[in-house]
Amino acid sequence: MNPPGPVAAGSLADSCRSCGAGLSLLTDFGDQPLANGLMPAGTDPAADVRYSLRLMFCAGCSLVQLGQTVDPVLLFGDYVYLTRYSTALADSFGALARRVHREASLGGGDLVYDIGCNDGTLLRHYQQLGVRVVGVDPSPAAAAAEADGVPLVREYFGPDVAKDLVSAHGRGAVAHIHNCLAHCTDLPGVVLGLRELVGAAGMVIVETPSVLDLVDNVRVDTVYHEHVSYFSMTSLANALRSAGLYPWHVEHTDSHGDSLLVYARAAKPAAANAVRAELDREAADGISGLARYLGFARDVEVSGRGLRAFLREATGRGESTVAYGAAAKATMLLNVFGVDVPDVQFAVDHSPHKIGLRIPGTHLTIRPPGELMTARPDVVLVTAWNHAEEIVRTNAWLARGGSRFVTPLPEVRSLPCPQ
Ligand code: JHZ
């Protein structure tokens, strides 16, 4: 998330949002629509608003980032993503809350913050464990958290909001920020705010997709205007340290592709830990050099050609294809690769608020998954590939009936039909 105010509708950056050094261009995707800017069905995709989308690299702190910022009101003013519609993700938040509660010995007097809490899925798990919680989220998604009784501050997070929160509610034993740091244009300000929230004794837990997964598995569909930063352990540790936060543990999760789950606090950790090992692995892998990322643009071309050929051949054989998951990723996949009706006929998604809308930049309308019963597509293109297992499991009847489920990246792969 980004602070409101000085960010123009489409301003170009020439220096790193984390350390201020100069930037080098990695890939230019041209002008692209907003990934979550779903449009009314029947409207003209040619009229959809588009902004430049360019991926840059900072040799100063290794942060891969967008060279463009879009006004946060345009990005989050009408935000339709709700965590609760992905069961595996919601379950993983439950497991994390139970684990942190146990390992940090949290009690009823302790306080847990969640920055970018969305519909409050994570905080509701803490509430069930008897822990005090406060969520921070300016988007309409947070209304669902409030309706469920999660105390909420509807603000763009930063150091001033952090000070107000501490005055009003106290220091946090834990401050979570999941899939949100990458959205923050004022990265140094947000990290300072996190440090303020937890003081000397608390713990910050950051979850964010891994840039190595992006480049190595061609997750080009995760590059969009909301995601202004793409972290490695190296660039994340640099950003945290600048605010006096020291990462002391890292794990990998897979709810949105390979992601880093990093634990940090104000005290310097022992020299040897999982973070040190991760930093050493990244250094050996060339993480701080532009060369590590330069094959990405070529790989995107290859993946795009492969997907277009696959879909065109299916259409040529008279087969029908439907996209599963009107995720932000679906918008980017279809637009960056130039895929539209008739090669993909429509999309399905079980989020009620997405039904009846159109994927930006395309003619694809979003329908309820129940329509697959009548459509019986030959091919189901799983655009929400991070949920492929859950999607194939809940639609096993369709797979058994002969529909082929495929994921698009880095190349088209068929998913096994469940027994
Ligand atoms: P999903 C979100 O991206 C948005 P998206 C956000 N900006 C971000 O940073 C990343 O996550 C990390 C639907 N679905 O979770 C629900 C079904 O229909 O991959 C969702 O609309 N049936 C915060 O949008 C979509 O798919 C199902 O069985 O790419 C998945 O979106 C399941 C499991 C999901 O996030």
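Fair warning: this is a prediction, and the values are worked out from it, not measured in the lab.

Here we come to helix α11 (residues 328–336). Of all nine residues that make up α11, eight are buried, and the element is covered over most of its length. A328, K329, A330, T331, M332, L333, L334 and N335 are the residues of α11 that are buried. Those residues of α11 that are buried are in contact with β2 (23–33), β4 (50–58), α10 (296–316) and β19 (379–382). Directly beyond the C-terminal end of α11, a positive phi value near 65° is found at G338.

Of note, the bond from V341 into P342 is cis; its omega dihedral lies within 30 degrees of zero at 10°. Along the chain, the position of P342 falls in the loop between α11 and β16 (347–348). In the Ramachandran plot, N118 falls in the positive-phi region, its phi being about 55° despite a non-glycine side chain. Position of N118 among the secondary structure elements: in the loop between β7 (111–115) and α3 (121–128). Positioned with a positive phi, V218 is a non-glycine residue whose angle comes to about 50°.

This part covers the sheet that holds strand β15 (residues 321–324). Spatially, β18-β16-β15-β19-β20-β21 is the arrangement adopted by the six strands of the open sheet, whose pairing is mixed. The open sheet has two free edges, formed respectively by β18 (366–367) and β21 (413–414), since each of these has just one partner strand. Across two bridges, the pairing between β16 and β18 is parallel. Paired with V348 across the two strands is R367, which belongs to β18.

Taken as a whole, the chain is organised into domain 1 (11–66), domain 2 (83–293) and domain 3 (318–414). Here the C-alpha centroids of domain 1 and domain 3 sit 25 Å apart. The partner domain 3 presents 16 residues to the 17 residues of domain 1 that form the contact. Carbon and sulfur atoms supply 64% of the area buried between domain 1 and domain 3, which totals about 1300 Å² over both sides.

Taken together, the four strands give an open sheet; going across it, the order is β2-β4-β5-β12, and neighbouring strands pair in antiparallel fashion. Edge positions in the open sheet fall to β2 and β12 (229–230), since each of these has one partner strand only. Two strands pair when backbone bridges link them, and β2 and β4 are joined in this way by eight bridges, in the antiparallel orientation. Residue P33 lies in a different strand from β4, and its bridge partner there is R50. Set on the sheet, α10 makes contact with β2 and β4; between it and β2 the angle comes to about 30°.

Here N273 lies in the loop between β14 (259–265) and α9 (274–284). Every residue in contact with N273, bar those within four places of it in the chain, is listed here: P247 and W248.

A few words now on the site of the ligand. Around the ligand there are 24 residues in total, and E226, H227, K329, D349 and K354 lie nearest to it. A distance of 2.5 Å separates an oxygen atom of the ligand from a polar atom in the side chain of K329. Relative to its free-state accessible area of 730 Å², the ligand is covered by the protein chains to the extent of 97%. Its residues placed into classes, the shell around the ligand shows nine nonpolar, ten polar and five charged. For the shell around the ligand, the domains that each give at least three residues are domain 2 (83–293) and domain 3 (318–414).

Here we come to the pattern of salt bridges. According to the stated counting rule, one finds 18 salt bridges in the structure shown. One salt bridge in this structure joins E103 and R99, with 3.6 Å as the shortest N-O distance. Of this pair, E103 and R99 are both found in helix α2 (residues 87–103), four residues apart, which corresponds to roughly one turn of the helix. What makes R99 partly exposed here is its relative accessible area of 24%. Measuring nitrogen to oxygen at the nearest pair gives 3.1 Å for the salt bridge that ties D285 to R292.

Cut-offs used in this document
Residues numbered from 1 in each chain as written. Predicted model: local features only at pLDDT ≥ 70, side-chain atom pairs only at ≥ 80, totals over all residues. Heavy atoms only, no water. Buried < 20%, exposed > 50% of the residue type's maximum accessible area, 1.4 Å probe, protein only. Helix = DSSP H or I, 4+ residues; strand = E, 2+ residues; numbered from the N terminus. Contact = heavy atoms within 4.5 Å. Pairing = 2+ DSSP bridges. Domains from an automatic or database assignment. Buried area = accessible area lost by both parts, 1.4 Å probe. Axes fitted to C-alpha atoms, helices over the stretch in contact; angles between N-to-C directions. Near = heavy atom within 4 Å. Polar contact = N/O pair within 3.5 Å; in protein donor to acceptor, adjacent residues only side chain to side chain. Areas by Shrake-Rupley, 256 points an atom, 1.4 Å probe, with all protein chains shown as cover. Nonpolar A, V, L, I, M, F, W, Y, C, P; charged D, E, K, R; others polar. Salt bridge = Lys/Arg side-chain N within 4 Å of Asp/Glu carboxyl O.

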